[in-house]
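Residue strings, one per chain:
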Amino acid sequence: MIRSELVSILAEENPGLTLRDVENIVGCFFDEIVEQLAGGGRVELRGFGTFSTRARDGRTGRNPRTGTPVEIEAKRVPYFKPGKEMRDRLNV
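What counts and how
Residues numbered from 1 in each chain as written. Predicted model: local features only at pLDDT ≥ 70, side-chain atom pairs only at ≥ 80, totals over all residues. Heavy atoms only, no water. Salt bridge = Lys/Arg side-chain N within 4 Å of Asp/Glu carboxyl O. Helix = DSSP H or I, 4+ residues; strand = E, 2+ residues; numbered from the N terminus. Phe/Tyr/Trp six-rings, centres within 6.5 Å; stacked < 30°, edge-to-face > 60°. Buried < 20%, exposed > 50% of the residue type's maximum accessible area, 1.4 Å probe, protein only. Lys NZ or Arg CZ within 6 Å of the ring centre and 35° of its normal.

A. Representation of the pattern of salt bridges within the structure. All chains considered together, the criterion is met by three salt bridges. Here Glu-44 makes a salt bridge to Arg-46, at a shortest N to O gap of 3.2 Å. Measuring nitrogen to oxygen at the nearest pair gives 3.0 Å for the salt bridge that ties Lys-84 to Asp-88. Of the two residues, Lys-84 and Asp-88 both sit in helix 3 (residues 84-90), four residues apart, roughly one turn of that helix. Where salt bridges share partners, they join Arg-42, Glu-44 and Arg-46 into one cluster.

Right, here's the structure in full:
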């Protein structure tokens, strides 16, 4: 499912909201998750899962075209851990 499909489904299920309202709600929801993660926090949605970040150390990689070594800087990457309810529903 992509973002536009999610917006369409939510708009159909909530006829009192316009498509633009639903787009704004979904946008705000995702923006808040990103802001929390960017600030080093985590987001927990009970029954769904937890979003957090993990640190990756810097390393030496290789350019696939030339094979020359390339330094890759340390960075933080997003991480999602599904909740128990989601795992149970996926593994019935």
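B. Seen up close, the packing of aromatic side chains. Using the criterion set out here, one finds four aromatic pairs in the structure. Their ring planes at 55° and their centres at 5.8 Å tell us that Phe-29 and Phe-30 sit as a pair that is tilted. The partly exposed category is assigned to Phe-29, whose relative accessible area is 41%. When the centroid spacing of 4.9 Å and the interplanar angle of 45° are considered together, the rings of Phe-51 and Phe-80 count as tilted. Here Phe-80 lies in strand 5 (residues 75-82) and Phe-51 lies in strand 2 (residues 49-56), a separation of 29 residues in the sequence. Its relative accessible area of 30% is what places Phe-80 among the partly exposed residues. Joined through ring pairs, the aromatic side chains of Phe-48, Phe-51 and Phe-80 make up one cluster. Seen from the ring of Tyr-79, Arg-54 lies directly overhead, with NZ or CZ sitting 3.5 Å from the centre.

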